[in-house]
Amino acid sequence: QMSKMWETTATFFDKVNEDASSIPPMQIADGVGSSHAMVGFASFKDGDNQFLETRLRRSDGTLLPSEISGLVGGDGAQSMVDAFEVMSDIGKDVVRIATAASSVEADAFLTAGSSVVIEEEGSAGASIAGLSFEEASVSGFMEDDEEPSEEDLKRAEILASEAAILLTDEIMDDGKPLSSISSAEIEHDEGDVSMSPNRMCRYSNNNNSNKKQRASEIFGAHTDTSFVTIVPAAAVSGLEVFDEDSLQWYRPELNARKHAKNLDPTSTAQFPWHCRYLVVMPGELLQITSRNNIPAAVHRVVATAEASRLSAPVLLRARPGTKMDVERYMGSLDKADGLLLDSNGMKMEDIHNALQPQPKQ
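The structure presented is a predicted model; accordingly, all values stated were derived computationally and were not measured.

Along the chain, the regular secondary structure elements total 10 helices and 15 strands. Put simply, the chain has 361 residues, and 45% of those count as buried. Surface accessibility of the chain: about 18,200 Å² in total, with carbon and sulfur atoms responsible for 49%.

This is the structure we're talking about:
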């Protein structure tokens, strides 16, 4: 699936550079409900930076803009849809695990004495840690300052995991309609077009005046307003992620290349080496749901004049019209940090808007 996606990406940029009028220009996407949701083609820096923003239509899974099928064919368009689904599923798993782990660490679902042991038939009945309800009350076992039992801790982990599943299914926009159960339980007003784009990119450095410079920044350092951004490792490396501990730029694609070489030193694999690797970068929304445990990744793109770099990241964003419900997704408000409390009850598109860089005065 990823190999076909890369073939489609290369085909698109070959075709669009022959006739850019064959694809609509970048514009606000109808049916999303956000001014930050774009769709279409754009070219910057005299063609050194080129982007196609694609999105899924929920009702039938069509890739938008629909004109892309005329350039890459129906099979090519479907390969982009298939790759999006693969990356979306992986991204949702990462967010689910990270959010649940942060809730467990914060004791957001932990209540001492909350685990009820149901005795077998013929016994004294339901109890808390072996005590009857009456005994527990008399003994003071249910007081707030009591240490939680192993059963309490296990129950808290289960609740945190279940809540994180709800978050990824209801709040993260995977391009699919909400389930009928979630639709009935939460407030939502999603449009027919996904908020999460699959972005096809072509980075070149042909206009660099300093030809002797091996690589230079062509897309500046930034963070993404997403839960996670999933970047398929490219054949031509250029993605750099800032490592705050070492105060250096880290190049994950180079590390992936070394790993692939160790796996297959003779390069006899059926598919190009990079098709098996994905880079998952945390975004600003995951920083919120992880209680600042996982900061949004600062990243940039560098390129040389020697070869263009193709990329096809998926930015998993929030489903428009849904709301951040801290108690539903992340447990007790008493365990929430400032960012979570500020976000509680806000529509996800309002959170997205609030996270955008403000223009300089």
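Resuming the write-up.
Below, the discussion takes up unusual backbone geometry. A cis geometry characterises the amide bond from leucine 64 onward to proline 65, with omega recorded as 0°. Following the sequence through the fold, proline 65 ends up in the loop between strand 4 (63-64) and helix 2 (68-105). If you check the backbone angles, aspartate 46 has positive phi at about 55° while not being a glycine. The backbone of leucine 247 shows a phi angle near 55°, a positive value even though the residue is not glycine.

Enumeration over the complete set of coordinates arrives at 8 aromatic pairs. Arranged with centres 5.0 Å apart and planes meeting at 75°, the rings of phenylalanine 12 and phenylalanine 13 form a pair that is edge-to-face. Neither phenylalanine 12 nor phenylalanine 13 differs from the other in exposure class; each is buried. Note on tyrosine 203 and phenylalanine 219: the rings are 6.2 Å apart at their centroids and 70° apart in plane angle, and the pair reads as edge-to-face. Residue tyrosine 203 is located in strand 7 (residues 198-203), and its partner phenylalanine 219 is located in strand 8 (residues 216-222); the two are separated by 16 residues in the primary sequence. We classify tyrosine 203 as buried; its relative accessible area is 6%. Through successive ring pairs, a cluster of aromatic residues spans Phe44, Phe51, Tyr203 and Phe219. Its guanidinium or amino end placed over the ring of tryptophan 249, arginine 300 lies 4.2 Å from that ring's centre, counting from NZ or CZ.

In this section: the confidence of the model for the chain. Detailed reading of the predicted coordinates is not advisable wherever pLDDT is low. Scored by pLDDT, the chain comes out at a mean of 88, with 88% of its residues at no less than 70. With pLDDT under 50 throughout, residues 126-133 is counted as low confidence; its partners more than four residues away or in other chains account for 24 contacts. Residue range residues 135-142 is modelled with pLDDT below 50. Its contacts to residues more than four positions away, or to other chains, number 12 contacts.

All right, on to a nonpolar patch on the surface then. On the surface, a nonpolar cluster with roughly 180 Å² of combined accessible area is contributed by Ile90, Val94 and Val280. Structurally, valine 94 can be placed in helix 2.

Cut-off values and rules
- Residues numbered from 1 in each chain as written.
- Predicted model: local features only at pLDDT ≥ 70, side-chain atom pairs only at ≥ 80, totals over all residues.
- Heavy atoms only, no water.
- Helix = DSSP H or I, 4+ residues; strand = E, 2+ residues; numbered from the N terminus.
- Buried < 20%, exposed > 50% of the residue type's maximum accessible area, 1.4 Å probe, protein only.
- Areas by Shrake-Rupley, 256 points an atom, 1.4 Å probe, with all protein chains shown as cover.
- Phe/Tyr/Trp six-rings, centres within 6.5 Å; stacked < 30°, edge-to-face > 60°.
- Lys NZ or Arg CZ within 6 Å of the ring centre and 35° of its normal.
- pLDDT = per-residue confidence, 0-100.
- Contact = heavy atoms within 4.5 Å.
- Patch = residues over 30% accessible without salt bridge, like charges linked within 9 Å, V, L, I, M, F, W, Y side chains within 5 Å.
- Salt bridge = Lys/Arg side-chain N within 4 Å of Asp/Glu carboxyl O.

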